[in-house]
Each structure stands twice: as C-alpha cells, then as structure tokens.
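Now for the letters of each chain:
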Amino acid sequence: MPHKDLEKRRKFDRERHRRRAESRREQGLCPKCGRDSPAPGRSLCDSCLGKARAAERARYLERKIEGSAYGGRDPESRRRMARERAWKRRRERLEAGLCTTCGERKPAEGGAVCEDCRQARRAAEKKLYEKRRSSGRCGRCGGAVIGKASTCASCAARDSKRRPRKNAASRARYRDRRTRGICVDCGQDSDGASRCARCASRSWHSSGVHRGMPVHPPRFTIVELATGIEHGPLDSWEEVAMCLAFAKLSRDEVEVVEDISVMAKLTAAPW
C-alpha cells in the first residue's frame, strides 16, 4: 500500500534501494542491475557503465544546446574537479620523470616540460601577446591599459612584487649563446663578444659607473584636475597606472606631466 505522505514514501524507497545495493555488493554483483559482476576497479558492471555514459553524453549534449556551461552541472564543482585531476596528472608525470604537458618525452634540463612543448607554449604565448598589444590591451591578461604601458594596473602591481631570478633555462641559453659567439642578451651577431654594441651600451649606461652627464629616464607626475593635488614623481607608466588604480582615478580626471631631463632632450634622435 503506497504511503500517503510523499516524503515518507521517498525515505522508504531510498532505504529499500540502499539495502538491496548492499546485499548485491556482498554477493559480488553489480548493485544497480544485480546480474553481472562489477568491472575491475569500478562499482558497476560494464553494461550499466555503458548505459550511464550514454545517458550522461545525451544529457550533456542537450544542456550544451541550451547554452548551459559544463552540461548544466555546477561550474565551481566541475572546475575544482578539473584542477584536482590536473594536479594529480602533473604529480604522476613528475614522479615518472616525464614532461608534465605531453607525458611522453623527458623534460628539459632543470625544467618540468620537454623542449618541444616549451617551444610550442612560447609560440602560442607570443602570438597571444602580440594580438593583445596590437589591439592596445594588456599583454598579460588582456585588460585595459593607460597610456603607453604594456600591462594593466593589476599586472603591473603584481609584477612589481616579483624578484628577478635566474633559472636553469636562462643559464643554458647564456652558455649556448656564448658558445656560438652571439650576444647573450638579444641573440644577434656580436663578433664573438659577449654582447653586441647596442646591448653593451645599454648595460654600460645602466651600471652607474660610466662617466659624463647621465641620461636620466623621464619621470611623471599626476595632477588631479579638480583639486590640483599632485601624485609623484613616478618613474614609469606602470607606476602611473598603479597610482591611478590605487587612488581610484580615471585618465579623464587627471593630467600626467612628463619630466624629461635636459640631456635626454639633447641626445634624443631627430624625427
């Protein structure tokens, strides 16, 4: 006799299904159909697994046509599961001594990916960077930038906290370029010297030991148009972007005054 109370009936059915599944598991049978043994390492038999996969694919396709992300499943849950699978796959490949990207070749010296995957990733990142910069956006995240800056305020603030470090790849690149007799900075012909004339000049002038009147880089001052309050001086457009972001000011609300040294004006290339 069916229960009049719908909640009681559902509770009774769930308990009955649970007892039946436990009984089938004790007998070594599939808890869903009770006819075949479970597949190796799985709780259901091959037949039930195939039906479940087909139903899942059909449901996913239906939700995809409707425009639902992840087949109508919870996006946060699916992303969390994907991150866990990625980290598990990465750990397994690291322990096996394989490339963490393709899992087929040995990684390069001092790295976690092989040279082929590294070159492919660099080409893709370079293409994406050029596409973003050609449209006047941040080369890192694609966000809006201020002035001639190559990064947005958020990326500039994050990069300012990073310390430059030498990794195994940069050391290997240095040794390779020195062996080939090309510039260790830009990779151009240097007639056997460690740096070409342009890179050597830049390194000399940035070392702080050269003689003569230094060519100081331009500095910037932000002036609020409404109040006349000044912010600065700042050393780069990245700092200008960070200052505007922290002060919550838009580019239309301020004037950026560029202070160029006299020596920089005298030595500037003619247009």
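Bear in mind the structure is a predicted one, so any value in this text is a computation, not a measurement.

**Details of the overall build of the protein**
Assigned secondary structure in the protein consists of nine helices and three strands. Looking at the 271 residues of the protein, the share that counts as buried comes to 22%. Partitioning the intrachain contacts of the protein with sequence separation of at least 6 by distance along the chain shows that 22% fall at a separation of at least 24. Counting every atom, the protein has about 20600 Å² of accessible surface; 51% of that belongs to carbon and sulfur.

**Details of the sheet that holds strand β3 (residues 254-259)**
Reading across from one edge, β2-β1-β3 is the order of the three strands in this open sheet, with antiparallel pairing throughout. One side of each edge strand has no neighbouring strand; the edge strands of this open sheet are β2 (230-234) and β3. With strand direction ignored, the average angle separating the axes of adjacent strands in the sheet is 15°. With three bridges joining them, strand β1 (residues 219-224) and β2 adopt antiparallel strand pairing. In the strand pairing of β2, Ile-222 is matched with His-231.

**Structural notes on the side chain of Arg-24**
The residue Arg-24 is located in helix α1 (residues 6-26) in this model. At 11 Å, Asp-36 is the nearest oppositely charged side chain to Arg-24, a buried residue that forms no salt bridge. Once residues lying within four places of it in the same chain are set aside, the contact partners of Arg-24 are Leu-29, Cys-30, Pro-31, Lys-32, Cys-33 and Gly-34.

**Describing helix α2 (residues 46-66)**
Over its 21 residues, α2 extends 30 Å from the first C-alpha to the last, a length consistent with the 30 Å expected when each residue adds 1.5 Å. Positive phi shows up at Gly-67, right after α2, with a value of about 95°.

**Thoughts on the packing of helix α5 (residues 153-160) against helix α8 (residues 237-247)**
Their axes nearest at 8 Å, the elements α5 and α8 cross at an angle of 110°. Classified by the angle between their axes, α5 and α8 sit roughly perpendicular to one another. Pair α5 / α8 crosses with left-handed handedness. Here Ala-153, Ala-156, Ala-157 and Ser-160 of α5 lie close against α8, whose contacting residues are Glu-238, Ala-241, Met-242, Ala-245 and Phe-246. Taken together, the residues of the contact of α5 with α8 break down into seven nonpolar, one polar and one charged.

**Some words on the side chain of Thr-151**
Take Thr-151: it is sitting in the loop between α4 (115-134) and α5. According to the relative accessible area criterion, Thr-151 is buried, its value standing at 8%. Those residues in contact with Thr-151, other than ones at most four positions away along the chain, are Cys-138, Arg-140, Val-145, Ala-156, Asp-159 and Glu-238.

**Looking at the environment of Lys-106**
Note that Lys-106 resides in the loop between α3 (75-95) and α4. Given the relative accessible area of 60%, Lys-106 is considered exposed. Sequence-wise, Lys-106 and Ala-96 are ten residues apart; in three dimensions their C-alpha atoms are separated by 9.5 Å. For Lys-106, the residues in contact, after removing those within four places along its chain, are Ala-96, Gly-97 and Cys-114.

**Focus on the pattern of salt bridges**
In the structure shown here, the tally under the stated rule is 15 salt bridges. For Arg-63, the salt bridge is made with Glu-62, and the minimal N-O distance between the two is 3.7 Å. The class for Arg-63 is partly exposed, based on a relative accessible area of 28%. A residue is classified by how much of its surface remains accessible, and Glu-62, at 43% relative accessible area, is partly exposed. Asp-116 is the salt-bridge partner of Arg-105, the closest N and O atoms lying 3.6 Å from each other. A residue pair is termed long-range when its members are at least 10 positions apart, and Arg-105 in the loop between α3 and α4 and Asp-116 in helix α4 qualify at eleven residues.

What counts and what doesn't
Residues numbered from 1 in each chain as written. Predicted model: local features only at pLDDT ≥ 70, side-chain atom pairs only at ≥ 80, totals over all residues. Heavy atoms only, no water. Helix = DSSP H or I, 4+ residues; strand = E, 2+ residues; numbered from the N terminus. Buried < 20%, exposed > 50% of the residue type's maximum accessible area, 1.4 Å probe, protein only. Contact = heavy atoms within 4.5 Å. Areas by Shrake-Rupley, 256 points an atom, 1.4 Å probe, with all protein chains shown as cover. Pairing = 2+ DSSP bridges. Axes fitted to C-alpha atoms, helices over the stretch in contact; angles between N-to-C directions. Lys, Arg positive; Asp, Glu negative; His and termini not counted. Salt bridge = Lys/Arg side-chain N within 4 Å of Asp/Glu carboxyl O. Expected span 1.5 Å × (residues − 1). Parallel < 35°, antiparallel > 145°, perpendicular 65-115°, else oblique. Left-handed = near helix turned anticlockwise from the far one by under 90°. Nonpolar A, V, L, I, M, F, W, Y, C, P; charged D, E, K, R; others polar.

By themselves, these observations are geometric and do not establish any function.
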